[in-house]
Every structure is written in structure tokens, then in C-alpha cells.
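Examination of the molecular architecture
If you want the building blocks of each chain, they are given just below.
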Amino acid sequence: MFDKIKEILGKIKTLNSSIEQYKKDSIITSLPVLTCVNRAKKLIEENKPDEAEQILKEALSLPNQAGLVYKYLGVIYEQRQQFDLAVENYQISADLEPQDKTIWQKLGFALIKAKEYHRAELAFDNADKIQALNTNTFTGWGMALMKQERFKEAHEKFVQAIKYSKYNFAAIFLCAVTEINLQMYDKAETRLTFLANVCPNANNTFEFARLKYLKKNYDSAIHYAKKSIELFDKMLPAYILLGKIYSEKFDVANSLKYFEEAEQQSFSDSNLYLEWGIALEKFEKSDEAKAKFLKAYELSPENMEITARLGLCCAERKEFDEAKQLLEKVNEKDPDNKIVKQALGIIAYENNETDKAVALFRTDDENFINCYYLAKCYERLGNDTKVKDYYNSAILLNPSYMKAYTDFASYLMAAEDYQEAKRKLRKALKICPDNTELLNMLFYAGYILVKENVCEYNVKETLEIADKIEKISPELFKYHEQKAELSKLLNNKSESV
């Protein structure tokens with residue numbers, strides 16, 4: 001009996017010895033790592049990442065819980081914007097501690113920043129499996145899909161993120177952005193109106209401006225774009241949007257003002273110079289437009305829209321060799337590019353390949369440049385009805401298109417339709433009242449009409465046009481003999497009275 005008790009006591013002693021040894025091992029292998037991690041976390045909070053990194057790297061030599069060490073190394077690298085290193089460390093941490101509730105989220109967001117969007121999707125999928133119904137997981141997941149322009153799928157994730165937290169303002173904002181891309185404008189407007197009232201900032205205010213612009217509510221778009229700049233004066237997209245809106249309103253001064261202000265903010269952005277060039281092209285400032293397109297091309301030589309726009313500008317300037325090189329580059333990647341077809345149409349027109357030019361321009365006959373050239377083509381082909389239709393379309397699409405007004409008036413005057421030519425010229429002069437070319441044409445049209453039906457009032461009105469040109473610049477007036485003739489008519493009228 002005594003021997004049995006002695007045997008049991010011996011076993012208990014051995015077991016106690018094992019437990020004590022386990023406790024010692026646990027202290028040795030676990031607590032030092034946790035201590036290092038906690039020290040590192042505190043240093044990170046105190047903005048001492050270098051010291052934190054050193055402690056964590058030393059902790060890697062200790063056994064157990066290395067996953068936690070890699071996790072906080074990832075945090076440090078992410079703060080430094082060393083996203084490749086952040087991804088590497090988060091991935092190791094996730095592999096070592098796959099049940100960590102936050103590591104897959106952190107990995108997913110880091111992968112988005114590293115532009116590895118498909119891997120980010122997988123990370124957020126894992127995050128959802130470990131901790132379902134998390135608003136941040138669905139927000140990140142949506143971002144990864146959005147970066148791949150998979151807007152419909154991204155929208156579904158953002159809707160889920162909002163479902164799990166109605167105060168997830170980032171998800172509400174991104175949901176609105178996807179709705180704009182999916183042309184769900186009413187839903188986007190509801191969300192952006194909410195954000196404008198609850199938490200206005202430069203980004204969601206700008207997006208509201210962009211939505212208003214897409215809905216062609218230009219005054220509201222201007223209001224919100226300006227408000228976005230008030231909230232953050234470095235908001236480049238807002239400056240660009242204002243430049244675009246004012247170009248749509250044919251307000252040259254304000255359009256160019258906002259593009260210039262953007263450049264003064266020390267922005268060097270290809271999209272800025274692209275949109276600036278497009279506006280200048282619309283305002284018929286081809287030298288300046290080409291300079292902006294060249295700057296955009298230097299910054300983004302592989303951007304096909306910039307390359308095509310530069311090629312079109314060269315074609316309009318009759319720099320055909322330069323244009324062809326650029327257009328061929330785009331055509332290899334995008335054979336259906338409308339801008340390329342437009343430029344090739346101009347080249348065909350200038351080479352007297354009229355039928356080919358018509359076919360190219362007809363691919364987009366709602367573009368003011370195409371309409372102008374179609375009018376020129378049909379002028380060659382002797383189709384009077386289509387000439388007038390396309391000149392009118394060009395002017396309707398771009399009411400400040402002086403070249404279209406000038407050529408249309410010339411065409412009408414050649415057809416001896418001076419009354420209609422006079423109407424077109426007066427309309428153009430409302431936009432450019434000091435354009436001496438238009439004024440000279442208006443004087444001549446008035447001169448012919450006065451000769452057909454002499455009226456003192458009309459003679460005086462026509463002579464006033466001549467006087468206006470001479471006040472602007474005497475050497476630019478072209479019709480001195482005709483003016484002298486009208487002055488003589490007026491004197492004769494006065495003498496007869």
C-alpha cells in the first residue's frame with residue numbers, strides 16, 4: 001500500500017516538474033516576443049518607425065508569434081509607402097497566423113496600393129471568411145474591383161459595406177462614384193447630397209461637381225467645383241473640370257484662367273495639359289493647343305488619347321508627316337479610334353480624296369470639326385443642301401467656331417445670297433465683335449445689298465462698319481473704293497434732300 005502511494009506521489013512530482021518547465025518555456029518563448037511587439041507598437045504611435053523596426057527585426061530571432069512581428073513590420077513599411085515590403089511582410093504574417101481577424105484586411109489594402117488588384121480581391125475574400133459581415137472588408141473588396149473598372153461588382157460590395165455600417169462614409173462616397181460610372185445618376189446624387197450635408201470634403205464635393213457636369217447642369221457643377229477648391233486648394237481635378245465647363249460654355253477667359261491656375265499650383269499632370277489643349281483647339285488657338293498636347297505627350301507618351309489628339313492637331317495644322325507617325329501608333333492599338341478617323345479625314349480632304357474624307361467624317365457627324373469638313377467636302381461635290389446643313393451643325397455644336405462662320409459666309413456670298421451671309425456674320429460678331437475679317441465681309445455684303453436697294457439708313461449702317469474696322473486698325477480695311485462709293489451715295493442723298 002505504501003509503495004503504491006509512493007508511486008503516485010512520484011508521478012505527481014514528475015507532472016508538476018513538467019508543468020513548471022512548460023511555464024518557464026512559455027515565458028522564454030512567448031513573453032519576450034509580445035514585449036518587443038508592444039514596445040514597437042508604442043514607438044510607432046510616437047512616430048519612431050526606425051526604432052520600432054529595429055526592435056521587431058531583433059524579435060524575429062526569438063521563437064513563436066513571429067506572425068505578429070511581421071504584421072507590425074508591414075505597418076511600418078505601409079506608413080513609409082514602401083508597399084512592396086508591406087505586402088511581403090503582411091503576407092508572411094497571414095501565412096503564419098491565417099486566423100488573424102485583421103491581417104487579411106491589411107494585406108488587401110496594401111495590395112491595392114501596390115496595384116496588385118486581383119491578389120487584393122483574394123485577401124478580402126479570406127478576411128470575409130474569417131470575420132464575416134465586416135464593413136471595412138467589403139469597402140476594400142469594392143476598391144480592388146473598382147481599380148479594375150469592374151464597376152458593377154464593385155458597386156455590389158460597396159452596397160454591402162453600407163448595409164453593415166450606414167456611417168461608413170468612404171463606402172458611401174465610393175458607391176456614388178461607381179454609380180456615376182454606371183450612369184445611375186439619381187442614386188449617386190442622393191448619396192452625394194447626403195455627404196455634402198453630413199461630411200463635406202474636397203473629394204466628395206468634387207465628385208458632386210462632376211456628376212452635375214455629366215448631367216449638363218453647368219452652373220451647379222461650377223458651384224461645387226469651386227467649393228471643392230475652397231476646401232482644398234490643391235484639388236487638381238476641380239481646376240481641370242472648371243476649365244472644361246467654361247470651354248463648354250464658350251467662356252474663353254474663365255476656361256483658360258482655371259487651366260493657368262492649375263499650372264501655377266505647380267501641377268505637372270498629363271491630363272491637365274490634355275484638357276487644356278482640347279479647350280484651346282475649340283477656341284481655334286492651334287499653336288497653343290499643340291504646345292499643351294506636346295507637354296501632355298512628354299508626360300504620358302503611351303496614353304492613346306493624348307497621342308491621337310496631338311496627331312489631330314498636327315493634321316489640322318497640315319503637318320502631315322508628324323501627324324501620320326502619331327496616328328499610326330494609335331491605330332495599331334485602337335483601329336476604331338474616332339479621333340484618328342477625324343485626323344485621317346482631314347488628311348484625305350487636303351489630298352483631294354473627297355469621298356474617302358466623307359466616309360471618315362461620317363463616322364462621327366456630331367463633332368463640330370467633322371461637320372465643318374463635311375460642309376467643305378459637299379461644297380466640292382456641289383451638294384448645296386448638305387453644305388448648308390453641315391455648316392449650320394458645326395456652328396450649333398460650337399457657337400464660337402469662327403472658321404465655320406467665315407467659310408459659311410464666304411460660301412453664301414459666292415452664291416450671291418448676301419442677305420443670309422449678313423445674318424451669319426452678325427451672329428458671329430456677337431461673339432467676336434472686333435474680328436476684322438468678319439467685319440470686312442459684313443461691310444462687303446452690306447455694300448452689295450445697299451447697291452441693290454439704296455436706303456440712307458442702310459448706307460450709314462454699312463459705313464459705320466468701315467469706320468469700326470479703321471478704328472481697330474486702318475490697314476486691315478480692304479474696301480476703300482467701295483467705301484468711297486457709299487460715301488458719295490450718301491452725300492448725293494443729302495444734297496437731293
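What follows is about the overall build of the protein chain. The helix and strand tally for the protein chain stands at 28 helices and zero strands. Taking 497 residues into account, the globule formula puts the C-alpha radius of gyration at 23 Å, and the protein chain, at 36 Å, lies well above it. Counting only C-alpha atoms and orienting by the principal axes, one finds that the protein chain spans roughly 155 × 45 × 40 Å. Counting across all 497 residues of the protein chain, residues that qualify as buried make up 46%.

Our focus in this paragraph is helix H6 (residues 103-113). Most of H6 sits inside the fold, with eight of its 11 residues counted as buried. Residues of H6 that are buried make contact with helix H4 (66-79), helix H5 (83-96), helix H7 (117-130) and helix H8 (135-147). In the stretch just after H6, lysine 115 is the one whose phi turns positive, near 65°.

Another aspect to go through is the nonpolar core. Among the nonpolar cores identified, the biggest contains 162 residues, and Leu56, Leu192, Leu272 and Phe361 are the most heavily contacted of them. Top contributing element to this core by residue count: helix H26 (residues 436-452), with 10 residues. Ignoring sequence-local partners within four residues, the contact set of leucine 272 consists of Leu236, Ile240, Phe259, Ala262, Glu263 and Phe267.

On to the pattern of salt bridges, then. Using the criterion set out here, one finds 40 salt bridges in the structure. Here aspartate 336 and lysine 341 are joined by a salt bridge, their closest N and O atoms 4.0 Å apart. The closest approach of N and O atoms between lysine 483 and aspartate 467, which form a salt bridge, is 3.4 Å. Separated by 16 residues along the polypeptide, lysine 483 in helix H28 (residues 480-496) and aspartate 467 in helix H27 (residues 456-472) bring together distant segments of the chain.

For the rest of this paragraph, the subject is the side chain of asparagine 204. Note on placement: asparagine 204 falls in helix H12 (residues 202-214). Setting aside its immediate chain neighbours within four residues, asparagine 204 contacts Phe173, Leu192, Leu195 and Cys199.

Let's shift gears to the environment of glutamate 261. Residue placement: glutamate 261 occurs in helix H15 (residues 252-264). Spatially, the C-alpha atom of glutamate 261 lies 33 Å from that of glutamate 78, the residues being 183 residues apart in sequence.

Tracing the chain through its elements places alanine 202 in helix H12. Sequence-distant contacts of alanine 202, that is, excluding residues within four places in its chain, are made with Ser228, Leu231, Phe232 and Met235.

Turning our attention to the packing of H26 against H27. Where H26 meets H27, the closest approach of the two axes is 9 Å, and the angle between their N-to-C directions is 155°. Our classification of the angle between H26 and H27 gives roughly antiparallel. Handedness of the H26/H27 crossing: left-handed. Counting all contacts with H26, which are made through Thr436, Leu439, Asn440, Leu442, Phe443, Gly446, Tyr447 and Val450, the residues of H27 involved are Asn458, Val459, Thr462, Ile465, Ala466, Lys468, Ile469 and Ile472.

Chain-level statistics for the protein chain give a pLDDT mean of 91 and a share of 92% at 70 or above. Across the protein chain, the element-wise mean pLDDT spans from 45 in helix H1 (residues 2-29) up to 98 in H8.

This brings us to the packing of aromatic side chains. For the structure on display, the rule yields 21 aromatic pairs. Ring geometry for phenylalanine 361 versus tyrosine 373: centroids 5.4 Å apart, planes at 15°, classification stacked. Of the two residues, phenylalanine 361 sits in helix H21 (residues 354-361) while tyrosine 373 sits in helix H22 (residues 368-381), which places them 12 residues apart along the sequence. Ring centres of tyrosine 378 and tyrosine 390 lie 5.8 Å apart, and the angle between their planes is 10°; this geometry places the pair in the stacked category. Here the residue tyrosine 378 occupies a position in helix H22, and tyrosine 390 occupies one in helix H23 (residues 384-397), the gap between them amounting to 12 residues. Of the two residues examined, tyrosine 378 and tyrosine 390, each falls in the buried class. Members of the aromatic cluster, joined through ring pairs, are Tyr349, Phe361, Phe368, Tyr372, Tyr373, Tyr391, Tyr401 and Phe408.

We now examine H15. For an α-helix, the turn length of 3.6 residues means that residues three or four places apart are oriented alike. Over its 13 residues, H15 runs 18 Å from end to end, which matches the ideal 18 Å to within 8%, given 1.5 Å per residue. Listing the buried residues of H15 in full gives Ser255, Leu256, Tyr258, Phe259 and Ala262. Seen from one end, H15 has its buried residues packed into an arc of 155°, which puts them on one side. Across H15 from its buried face, at more than 90 degrees, point the exposed residues Ala253 and Gln264.

The rules we used
Counting starts from 1 at the beginning of each chain's written sequence and moves along it residue by residue. Side-chain atom pairs in this predicted model are given and counted only at pLDDT of 80 or more, local residue features only at pLDDT of at least 70, and totals for whole chains, interfaces and linings cover all residues. Side-chain metrics in this entry use all non-hydrogen atoms of the structure; hydrogen atoms and water are not considered. Each helix is a run of DSSP H or I of at least 4 residues and each strand a run of E of at least 2, with the numbering of both proceeding from the N terminus. Radius of gyration means the value over C-alpha atoms here, while the globule rule gives 2.2 Å times the residue count to the 0.38 power. Think of it in three bands: residues with accessible area under 20% of the maximum for their type are buried, residues over 50% are exposed, and the middle band is partly exposed, with areas taken using a 1.4 Å probe on protein chains only. Residue contacts are defined here by distance: any two heavy atoms, one from each residue, within 4.5 Å place the two residues in contact. Residues belong to one nonpolar core when they are buried, are Ala, Val, Leu, Ile, Met, Phe, Trp, Tyr or Cys, and are joined through side-chain atoms within 4.5 Å. What makes a salt bridge here is a side-chain nitrogen of Lys or Arg within 4 Å of a carboxyl oxygen of Asp or Glu, nothing more. In this analysis, axes come from line fits to C-alpha atoms, helices being fitted only over the stretch in contact, and the angle between any two N-to-C directions falls in the range 0 to 180 degrees. Should an angle lie under 35 degrees it is considered roughly parallel, over 145 roughly antiparallel, and from 65 to 115 roughly perpendicular; all remaining angles are considered oblique. Crossings are classed by handedness, with left-handed meaning an anticlockwise turn of the near helix from the far one by less than a right angle and right-handed meaning a clockwise turn. Each residue gets a pLDDT score, which is the predictor's confidence in that residue and runs from 0 to 100. Two rings from Phe, Tyr or Trp (for Trp, the six-membered ring) form a pair when their centres are within 6.5 Å of each other. A pair whose planes differ by under 30 degrees is stacked, one over 60 is edge-to-face, and the rest are tilted. Expected helix span is taken as 1.5 Å per residue step, with the number of steps being one fewer than the number of residues. The arc in question is the one spanned by the directions pointing from the helix axis to the C-beta atoms.

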